[in-house]
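# Structural features, examined
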Amino acid sequence: MVLDSDTTMADQPGAKRKHDKHVKGHEIAAKTIKTPPFSYAHLQLISDSDNIKDLDSLIVRSHITAALTQFLGVTGSAISVDILKVEGTECWIRVPREDLSSVVAALGGWVGGKENEDKVGWKVKGSGNWLSILVGERGREGIWKE
Amino acid sequence: MLYDLNVPWDPSQSPLHLQRTISFLSELGYDTLALNHTLATLTPQIMNPIPLVPPFTIPKKTVLLRRCTLIIADPTQNHRLPALAAAYDIVALRPTTEKAFLAACLSLDSHSLISLDLTQRFPFHFKPKPFMTAINRGIRFEICYSQSMDVSGDGGNARRNFIGNVVAIVRATRGRGLVVSSGAISVLGCRAPADVLNLLGVWGLQRERGVESLGVNPRGVVINEGLRRTSFRGVVDVIEGGEKIVKENGKGGGEKEKRMQGTPQNGVGKKQKGKRIAEETNGGATPQLSKRAAKKANGDLTTTTHRRYPQQATSYTRRMKEKIW
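Residues numbered from 1 in each chain as written. Chains lettered and ligands numbered in written order. Predicted model: local features only at pLDDT ≥ 70, side-chain atom pairs only at ≥ 80, totals over all residues. Heavy atoms only, no water.

## Some words on the state of the cysteines
- What the rule picks out here adds up to zero disulfides over all chains.
- With no disulfide partner, Cys 144 of chain B has as its closest neighbouring cysteine sulfur the one in Cys 190 of chain B, 12 Å distant. (Disulfide = S-S within 2.5 Å.)

## Examining the pattern of salt bridges
Residue and element names in this part refer to chain B.
- Scanning the entire structure with this criterion turns up 13 salt bridges over all chains.
- A salt bridge links Glu 142 to Arg 67; the nearest nitrogen and oxygen atoms lie 2.9 Å apart. With Glu 142 in strand E6 (residues 140-144) and Arg 67 in strand E3 (residues 63-72), this pair connects stretches of sequence that are 75 residues apart.
- You can call Glu 142 buried: its relative accessible area is 2%. (Salt bridge = Lys/Arg side-chain N within 4 Å of Asp/Glu carboxyl O. Helix = DSSP H or I, 4+ residues; strand = E, 2+ residues; numbered from the N terminus. Buried < 20%, exposed > 50% of the residue type's maximum accessible area, 1.4 Å probe, protein only.)

## Some remarks on a nonpolar patch on the surface
Residue and element names in this part refer to chain A.
- Taken together, the side chains of Ile 33, Trp 130 and Ile 133 make up a nonpolar region of the molecular surface, amounting to roughly 310 Å² of accessible area.
- The residue Trp 130 is located in the loop between strand E5 (120-128) and helix H5 (131-145) in this model.
- The partly exposed category is assigned to Trp 130, whose relative accessible area is 40%. (Patch = residues over 30% accessible without salt bridge, like charges linked within 9 Å, V, L, I, M, F, W, Y side chains within 5 Å. Areas by Shrake-Rupley, 256 points an atom, 1.4 Å probe, with all protein chains shown as cover.)

## Thoughts on the packing of helix H3 (residues 98-106) of chain B against helix H4 (residues 128-137) of chain B
- For the pair H3 of chain B and H4 of chain B, interaxial distance at closest approach is 8 Å and the crossing angle is 35 degrees. When H3 of chain B is examined against H4 of chain B, the residues Phe 101, Leu 102, Ala 104, Cys 105 and Leu 106 of chain B are found in contact with a partner set consisting of Pro 130, Phe 131, Thr 133, Ala 134 and Arg 137 of chain B. (Axes fitted to C-alpha atoms, helices over the stretch in contact; angles between N-to-C directions. Contact = heavy atoms within 4.5 Å.)

## Structural notes on the UniProt feature "domain: Ribonucleases P/MRP subunit Pop8-like" (unreviewed entry) in chain A
- Those places that UniProt annotates as "domain: Ribonucleases P/MRP subunit Pop8-like" (unreviewed entry) correspond, in this numbering, to residues 37-110 of chain A.
- In residues 37-110 of chain A, helix accounts for 41% and strand for 31%; the two terminal C-alpha atoms are 26 Å from one another. (UniProt positions renumbered as here; feature names shortened; annotations may be inferred.)

## Concerning the interface of chain B and chain A
- Listed by partner, the interface residues are seven residues for chain B and eleven residues for chain A.
- Both sides of the chain B and chain A interface together cover about 780 Å² of buried area, and 58% of this is carbon and sulfur.
- A per-residue breakdown of the area chain B buries against chain A is headed by His 125, Arg 160 and Arg 171 of chain B, which together make up 63% of the total.
- Our count for the chain B to chain A interface comes out at two salt bridges.
- One salt bridge in this structure joins Asp 99 of chain A and Arg 171 of chain B, with 2.7 Å as the shortest N-O distance.
- Inspection of the region where chain B meets chain A yields four residue pairs in polar contact (both at pLDDT 80 or more).
- Of the residues assigned to the side of chain B that touches chain A, the class counts are two nonpolar, two polar and three charged. (Buried area = accessible area lost by both parts, 1.4 Å probe. Polar contact = N/O pair within 3.5 Å; in protein donor to acceptor, adjacent residues only side chain to side chain. Nonpolar A, V, L, I, M, F, W, Y, C, P; charged D, E, K, R; others polar.)

## Remarks on the packing of helix H6 (residues 193-202) of chain B against helix H7 (residues 207-214) of chain B
Residue and element names in this part refer to chain B.
- For the pair H6 and H7, the least separation of the axes is 10 Å and the interaxial angle reads 130 degrees. What the angle tells us is that H6 and H7 run oblique. Where H6 crosses over H7, the handedness of that crossing is right-handed. Contacts from Pro 193, Ala 194, Leu 197 and Asn 198 of H6 reach H7 at Arg 207, Gly 210, Val 211 and Leu 214.
- The residue inventory of the contact of H6 with H7, partitioned by class, reads five nonpolar, two polar and one charged. (Parallel < 35°, antiparallel > 145°, perpendicular 65-115°, else oblique. Left-handed = near helix turned anticlockwise from the far one by under 90°.)

## Here we look at the confidence of the model for chain B
- When pLDDT is averaged across chain B, the result is 79; 74% of the residues are at 70 or more.
- The ipTM for the predicted assembly is 0.73, set against a pTM of 0.72. (pLDDT = per-residue confidence, 0-100.)

## So, the environment of Lys 119 of chain A
Residue and element names in this part refer to chain A.
- With respect to the helices and strands, the residue Lys 119 is situated in the loop between strand E4 (111-112) and E5.
- Overall, Lys 119 belongs to the partly exposed group, its relative accessible area being 32%.
- Through-space distance from the C-alpha of Lys 119 to that of Val 60 is 15 Å; in sequence the pair is 59 residues apart.
- Ignoring anything within four residues of it in the chain, the contact list for Lys 119 reads Ile 46, Ser 47, Asp 48, Val 111, Gly 112, Gly 113 and Lys 114.

## Observations concerning a negative patch on the surface
- There is a patch of like negative charges on the surface, built from Asp 48, Asp 50, Glu 117 and Asp 118 of chain A.
- Secondary-structure assignment places Glu 117 of chain A in the loop between E4 and E5. (Lys, Arg positive; Asp, Glu negative; His and termini not counted. Charge placed at Lys NZ, Arg CZ, Asp CG, Glu CD.)

## Details of the nonpolar core
- Judged by nonpolar contacts, the single largest core of 58 residues is most densely connected at Leu 35, Leu 84, Leu 116, Phe 126, Phe 141, Val 166 and Leu 200 of chain B.
- By residue number, the principal contributor to this core is helix H5 (residues 157-173) of chain B, which donates seven residues.
- Not counting the four nearest positions on each side in its chain, Leu 116 of chain B is found in contact with Arg 94, Pro 95, Phe 101, Phe 122, Phe 126 and Ile 169 of chain B.
- Counting residues in hydrophobic clusters, the runner-up holds 20 residues, among them Leu 55, Ile 64, Ile 79 and Ile 93 of chain A. (Core = buried A, V, L, I, M, F, W, Y, C linked by side-chain atoms within 4.5 Å.)

## Structural notes on unusual backbone geometry
All names here are of chain B.
- You will see that Arg 174, though not glycine, has its phi angle at about 55 degrees, which is positive.
- Counting through the fold element by element, Arg 174 comes out in the loop between H5 and strand E7 (178-181).
- When its relative accessible area of 63% is taken as the criterion, Arg 174 is described as exposed.

## Side note on the sheet that holds E4 of chain A
All names here are of chain A.
- As summarised here, the arrangement of the five strands in space is E2-E3-E1-E5-E4, forming an open sheet in which the pairing is antiparallel. The open sheet has two edge strands, strand E2 (82-87) and E4, and neither has a second partner.
- Where strand E1 (residues 38-47) lies against strand E3 (residues 90-96), seven bridges are found, and the strand directions are antiparallel. Along E3, the bridge assignment pairs Leu 43 with Cys 91. (Pairing = 2+ DSSP bridges.)

Below, the structure is given as structure tokens:
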């Protein structure tokens, strides 16, 4: 691609020079976000049994509410959790930044499932302020496993 | 001085019930209460159904104001807010959609309280920007603490939604610009100020901000609404009281006397228009001294101004002019 553009430029040297005259300097603006409004977490549902059914949003919602209620009561269940994506047994959620530590603690320490059924629990695969980093970390786990 | 700006009032309410609520709130320490009439639709003729004088006795130090909360969903409709503002002492808005909420925060003008129904789940997140813009404009956000004890109905969702919304509002505003009121339909919903502060402290409202939201902020709302109704753009305030009847202007004095007797014995007396009755000029023989100048000439010191709200100080220049310290 780069070679192509070079040759086209070379064909029209006059156009390139004209283009140079009108190119202005770029303004650099810097912004620091100290307190992002939301934090994100990457969760996986683990279970005693061998086969877990694939998750859907409703199951995720009910498990998360149960975990928060068990740990923090009504205030915990009042924490606004947005479910961003559900894939297989994993899911991504978004919570307000100030609630991240409470949510991660609640999810990590929860064991659910009825008496005669298999127990389930949440494994927190990652959490942080930036979603892009979380998503990028997915690949990191696979590097050392094989 | 503590304020409770939301004591729900209903035409079908039993007056005895309301009296009990008012006297209990007064015992807990709230001096100024506002009876709140919630309106969803407007009648063609806007009238204030809350009686000026309550049909029962209220504790002596209690001041009752009349407030209305208008539920709006569509800001483009004409809600005749100025007419509403003329009929009630305080006007609050209850937006139910994001569009209405943004309009109430940024553009609409006749209200000074935004009272969201915190037991509902809102389809939008509470961002700091519209909240702080509204607060800088002078609009305050109301939190009714009795809704947190609403265990009835809706499967306990009311409490959960209330807590989530309160936490979000406190975070978006950092605790500033809030007004806390009871919203109590019966005595069971009323709590003492210390209890209210503790409760809201659990959900993130710092103690100092909580104290402000019980005293300073509602006082600001009450005074601003009063100023809006009795003065021209907050600059010219109509003074009354302390006027002696001048013997020269017999006719004008008679009129003034009548006006003073006609003053309703309302605790705050905000409802009067307070415009001076136009004086009829006398024969033309006597020089046209203004009444004020005439009184001053008589050596009458009662021409000092009485502010309607005693906490407000008179301006420095005025004090210099009248030599009061």
